[in-house]
Amino acid sequence: MTRRPASWHAATVVATRPETSTARRIELDVPTWPGNDAGSHLDVRLTAPDGYQASRSYSVASSGEGTRITLAVDEVPDGEVSPFLVHELREGDRIEVHGPLGAFFVWTPSADPAPVQLIAGGSGVVPLFAMASAHAESADASPFRLLYSVRSADDMFFRHELTALARDDRLDLEVVYTRSAPAASAIPPGRLTAERLRDAIIPAAEEPRVFVCGPTPFVEAVAGWLIEQGHAPARVRTERFGGS
């Protein structure tokens with residue numbers, strides 16, 4: 001889509017619901033929103049009655065043209081913004097958003113036929129979910145694979161949507177459970193390692209485009225393993241988070 005300059009917009013909350021035990025899905029109506037690429041992010045600005053303002057960046061879980069935006073915000077207990085968004089925000093509330101932001105960490109249909117490998121840690125799956133959804137709705141023929149590292153099935157963001165994409169063969173999904181695995185899982189819970197990563201992702205020889213998102217330690221470890229395993233640095237794009 002044609003890239004448009006970022007600006008501030010008035011947004012109205014049209015729906016909210018729990019995403020996990022610590023996160024909330026938030027749908028916004030933004031009449032002046034110009035649309036966004038899959039993987040984009042925005043800034044949310046809150047203003048207190050005394051005029052104090054706090055702003056934080058969040059990935060957008062939706063993409064394309066239109067004035068509806070979906071966010072999925074995980075609470076940082078001692079944060080300034082996320083606890084309010086998760087626990088206090090209600091339908092009809094108005095907030096300010098600035099965007100769309102990001103040009104490096106986005107996916108758009110491409111003439112490049114190479115497969116795409118997505119690697120997420122925890123809530124880092126949000127922009128990658130946007131990419132997987134956009135790909136499923138496009139005519140792009142590139143194979144798409146997602147490796148998702150998460151504590152348990154109950155901690156998965158977009159669990160039902162990702163499962164549906166995988167069931168319909170629109171996404172190759174593999175989940176690594178780090179603390180508690182479902183009874184049907186053939187692999188016991190455990191942290192993602194370099195070996196598990198190598199066995200679960202598209203090989204470097206196939207020259208995939210790779211997108212990695214999650215907490216900074218997770219992203220740095222995965223990015224290092226990818227390079228060690230032969231993936232070209234120019235083919236690996238990363239996004240770290242630690243917002244509140």
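No experiment lies behind these values; they were computed from the predicted model shown.

Reading guide: rules and limits
- Residues numbered from 1 in each chain as written.
- Predicted model: local features only at pLDDT ≥ 70, side-chain atom pairs only at ≥ 80, totals over all residues.
- Heavy atoms only, no water.
- Phe/Tyr/Trp six-rings, centres within 6.5 Å; stacked < 30°, edge-to-face > 60°.
- Helix = DSSP H or I, 4+ residues; strand = E, 2+ residues; numbered from the N terminus.
- Buried < 20%, exposed > 50% of the residue type's maximum accessible area, 1.4 Å probe, protein only.
- Pairing = 2+ DSSP bridges.
- Axes fitted to C-alpha atoms, helices over the stretch in contact; angles between N-to-C directions.
- Salt bridge = Lys/Arg side-chain N within 4 Å of Asp/Glu carboxyl O.
- Core = buried A, V, L, I, M, F, W, Y, C linked by side-chain atoms within 4.5 Å.
- Contact = heavy atoms within 4.5 Å.
- Expected span 1.5 Å × (residues − 1).
- Arc of directions from axis to C-beta.

Enquirer: Mind laying out the packing of aromatic side chains, listing which residues take part and the relevant values?
Expert: The relation between two aromatic rings is expressed through the spacing of the ring centres and the mutual angle of the planes. Across all of its chains, the model carries three aromatic pairs by this definition. Between Phe-105 and Phe-211, the aromatic rings sit 5.5 Å apart at their centres with planes inclined by 80 degrees, giving edge-to-face as the arrangement. One end of the pair, Phe-105, is in the loop between strand 6 (94-101) and strand 7 (116-121); the other, Phe-211, is in strand 10 (residues 209-215), with 106 residues separating them in the sequence. Residue Phe-211 is classed as buried on the basis of its relative accessible area, which comes to 3%.

Enquirer: Lay out the sheet that holds strand 6 with the relevant residues and their values.
Expert: Here we have six strands laid out as an open sheet, ordered 4-3-6-1-2-5, and antiparallel in their pairing. Unpaired on one side and paired on the other, strand 4 (53-59) and strand 5 (68-74) mark the two borders of the sheet. For this sheet, the mean angle separating the axes of adjacent strands, direction not counted, is 35 degrees.

Enquirer: Tell me about the pattern of salt bridges, and please be specific about residues and values.
Expert: Applying the stated criterion across every chain yields a total of twelve salt bridges. Taking the shortest distance from any N to any O, the salt bridge between Arg-68 and Asp-29 comes out at 3.5 Å. Taken together, the residues span a long stretch of sequence, with Arg-68 in strand 5 and Asp-29 in strand 2 (residues 23-29) at a distance of 39 residues. Connected via shared salt-bridge partners are Arg-17, Glu-19, Arg-25 and Glu-161.

Enquirer: Let's hear about the nonpolar core: which residues, and what values?
Expert: The biggest cluster of nonpolar side chains holds 32 residues, and the ones touching the most others in it are Leu-118, Leu-128, Met-131, Leu-146, Tyr-148 and Leu-162. Of all the secondary structure elements, the ones that give two or more residues to this core are strand 7, helix 2 (125-136), strand 8 (144-150), helix 3 (159-167) and strand 10. In contact with Met-131, other than residues within four places in its own chain, are Ala-38, Gly-39, Phe-105, Val-106, Trp-107, Leu-118, Phe-144 and Phe-211. Core analysis: the next-biggest nonpolar cluster, separate from the first, contains 21 residues, Val-13, Val-30, Leu-42 and Val-73 among them.

Enquirer: I'd like to hear about unusual backbone geometry, residue by residue, with values.
Expert: Cis geometry marks the peptide bond from Gly-99 to Pro-100, where omega comes out at -5 degrees. Inspection of the secondary structure puts Pro-100 in strand 6. Unlike most non-glycine residues, Asp-169 shows phi in positive territory, near 60 degrees. Relative to the elements of secondary structure, Asp-169 occurs in the loop between helix 3 and strand 9 (172-177). Note on Asp-169: relative accessible area 71%, which makes it exposed. Unusually for a residue other than glycine, Glu-207 sits at a positive phi of about 50 degrees.

Enquirer: Explain helix 5 (residues 216-228) residue by residue, including any values.
Expert: With 13 residues, helix 5 ought to run about 18 Å at 1.5 Å a step, and its terminal C-alpha atoms sit 18 Å apart, in line with that. When helix 5 is considered as a whole, its buried residues turn out to be Phe-218, Val-219, Val-222, Ala-223, Trp-225 and Leu-226. Along the axis of helix 5, the buried positions cluster into a sector of 165 degrees, meaning they face one direction only. With respect to the buried face of helix 5, the exposed residues turned more than 90 degrees away are Pro-217 and Glu-228. Turning to helix 5, the residues buried within the fold contact strand 7, strand 8, helix 4 (194-200), strand 10 and strand 11 (236-241). Positioned one or two residues after helix 5, Gly-230 has a phi angle of 100 degrees, which is positive.

Enquirer: Would you mind going over the environment of Ile-187 in detail, with residue names and values included?
Expert: With respect to the helices and strands, Ile-187 occurs in the loop between strand 9 and helix 4. Here the alpha-carbon distance between Ile-187 and Val-175, two residues twelve residues apart in the chain, equals 9.9 Å. In this structure Ile-187 touches Ala-181 and Arg-196, once residues within four positions along its chain are discounted.

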